[in-house]
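# Structural description and commentary
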Amino acid sequence: MKDCRGMIFDLDGTLLDSMGVWSQIDVDFLAKRGIDLPEDYQRMVTPMGARQAADYTIERFHLPDTPEMLMEEWLNMAHEEYSRNIPLKPYAYEYVEKLYREGKKMAIATSSDRYLVMPALERTGLLPMMSAVVTAAEVRRGKGYPDIYEKAAGELGMAAAECAVYEDIIEGIRGAKAGGFLAVGVYEKQNAENYDLIRREADVYIHSFRELL
């Protein structure tokens with residue numbers, strides 16, 4: 001990892017302790033429509049961008065809503081939490097600051113909407129240390145593919161081989177490795193069911209950023 005000049009971070013579940021918020025949003029959103037949250041739903045939508053997740057949700061549950069209606073509802077439910085409340089994961093700020101002092105170039109590569117991401121990055125103090133913020137809405141394919149990481153690396157002016165990607169989901173690890181990036185798995189309790197897979201397939205695995213300080 002120390003040989004990497006560029007560091008590309010997922011946000012939700014990697015730097016930001018936000019997965020519980022999205023779990024509750026999914027529960028509340030479906031409950032309003034009289035639907036119990038299926039066991040696999042969050043695993044399916046987590047790698048997707050908002051539009052892809054909306055299309056998937058409408059098709060799966062045969063909803064009358066348009067994708068735009070779903071995306072607006074999700075954004076409104078999440079915006080206050082991102083703007084005001086969601087904390088960073090332990091030692092995330094300290095690790096990013098360490099990299100920044102060392103002269104590493106850093107980017108965010110997230111499936112979340114920029115409307116949510118930017119206030120959270122600004123509030124937590126991470127934004128000034130990031131050279132780029134890329135969202136899944138800006139690329140063709142979701143996090144099972146390298147597209148978002150390739151775009152982030154391009155904005156850093158680096159090749160994949162020069163960059164590490166930090167991810168908490170197996171799709172992110174696989175997409176990063178498919179693109180030739182160093183894949184760093186980050187433990188997230190909401191993704192514990194894939195713990196063994198992520199640990200086995202990642203090039204590096206950490207339970208906490210404290211291990212890297």
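Our structure is the block above this text.
Being a predicted model, the structure only gives us computed values, none of them experimental. (Residues numbered from 1 in each chain as written. Predicted model: local features only at pLDDT ≥ 70, side-chain atom pairs only at ≥ 80, totals over all residues. Heavy atoms only, no water.)

What follows covers the overall build of the chain. Of the regular secondary structure elements, the chain holds nine helices and six strands. With 213 residues in all, the chain has 52% of them scored as buried. Excluding contacts between residues fewer than 6 apart, the proportion of contacts in the chain whose partners are at least 24 apart in sequence is 65%. Taken as a whole, the chain presents about 10000 Å² of accessible surface, with 49% of it coming from carbon and sulfur. One finds the centroid of the 25 positive side-chain charges in the chain at a distance of 6 Å from the centroid of its 36 negative side-chain charges. (Helix = DSSP H or I, 4+ residues; strand = E, 2+ residues; numbered from the N terminus. Buried < 20%, exposed > 50% of the residue type's maximum accessible area, 1.4 Å probe, protein only. Contact = heavy atoms within 4.5 Å. Areas by Shrake-Rupley, 256 points an atom, 1.4 Å probe, with all protein chains shown as cover. Lys, Arg positive; Asp, Glu negative; His and termini not counted. Charge placed at Lys NZ, Arg CZ, Asp CG, Glu CD.)

Moving on, we come to the packing of aromatic side chains. Per the stated rule, a full pass over the model turns up 13 aromatic pairs. For the ring pair Y41 and F61, a centre distance of 5.7 Å and an interplane angle of 55 degrees mean the geometry is tilted. With a gap of 20 residues between them, Y41 in helix α2 (residues 41–45) and F61 in helix α3 (residues 50–61) connect regions that are remote in the sequence. Assigned by exposure class, Y41 and F61 land together as buried. Ring plane angle 90 degrees and centroid distance 5.5 Å describe the contact between Y195 and Y205, whose orientation is recorded as edge-to-face. Within this pair, whereas Y195 is found in helix α9 (residues 195–201), its partner Y205 is found in strand β6 (residues 204–206), the two being separated by 10 residues in sequence. Looking at Y205, the relative accessible area reads 16%, which means it is buried. Members of the aromatic cluster, each reached through a chain of ring pairs, are F9, Y95, Y166 and F209. (Phe/Tyr/Trp six-rings, centres within 6.5 Å; stacked < 30°, edge-to-face > 60°.)

Before going further, it helps to examine the sheet that holds strand β1 (residues 6–9). Read from one edge to the other, the open sheet built from six strands follows the order β3-β2-β1-β4-β5-β6, with strand pairing classed as parallel. Strands at the two margins of the open sheet, each flanked by one partner only, are β3 (132–135) and β6. When the angles between neighbouring strand axes are averaged without regard to direction, this sheet yields 20 degrees. As paired elements, β1 and strand β2 (residues 105–110) share four bridges and run parallel to each other. Across the sheet, the residue bridging to M7 is M106, located in β2. Contacts from helix α5 (residues 92–101) reach β1, β2 and β4 (163–167) within the one sheet, and its direction differs from that of β1 by about 155 degrees. (Pairing = 2+ DSSP bridges. Axes fitted to C-alpha atoms, helices over the stretch in contact; angles between N-to-C directions.)

Note on placement: D12 falls in the loop between β1 and α1 (19–31). Here D12 is buried and forms no salt bridge, its nearest opposite-charge partner K143 lying at an N-O distance of 7.5 Å. When residues no more than four places from it in sequence are discounted, the contact partners of D12 are S18, M19, W22, Y82, T110, S112 and D168. (Salt bridge = Lys/Arg side-chain N within 4 Å of Asp/Glu carboxyl O.)

On to the environment of A53, then. Position of A53 relative to the elements: it lies in helix α3. C-alpha separation for the pair A53 and Y93, spaced 40 residues apart in sequence, amounts to 29 Å. If we ignore the near neighbours within four places in the chain, the residues touching A53 are V45, M48 and W74.

Before going further, it helps to spend a moment on α3. Taking 1.5 Å of rise per residue, the 12 residues of α3 would be expected to cover 16 Å, and the 16 Å separating its terminal C-alpha atoms lies within 8% of that figure. Taken residue by residue, α3 has A53, A54, T57, I58 and F61 as its buried positions. Burial along α3 is one-sided: seen end-on, the buried residues are contained in an arc of 130 degrees. Among the structural elements, α1, α2 and α4 (67–85) are those in contact with the buried residues of α3. The positive-phi residue at the C-terminal boundary of α3 is H62, with phi of around 55 degrees. (Expected span 1.5 Å × (residues − 1). Arc of directions from axis to C-beta.)

Going through the model one piece at a time under the given rule, you end up with 19 salt bridges. Among the salt bridges present, the one from D40 reaches R60, with a minimum N-O distance of 2.8 Å. Pair noted here: D40 is in the loop between α1 and α2 and R60 is in helix α3, with a separation of 20 residues, a long-range link. Taking relative accessible area as the criterion, D40 reaches 25% and is therefore assigned partly exposed. When the shortest N-O distance is used, the salt bridge between R114 and E138 registers 2.6 Å. Linking R114 in helix α6 (residues 114–124) with E138 in the loop between β3 and α7 (147–156), this pair joins segments that are 24 residues apart in sequence.

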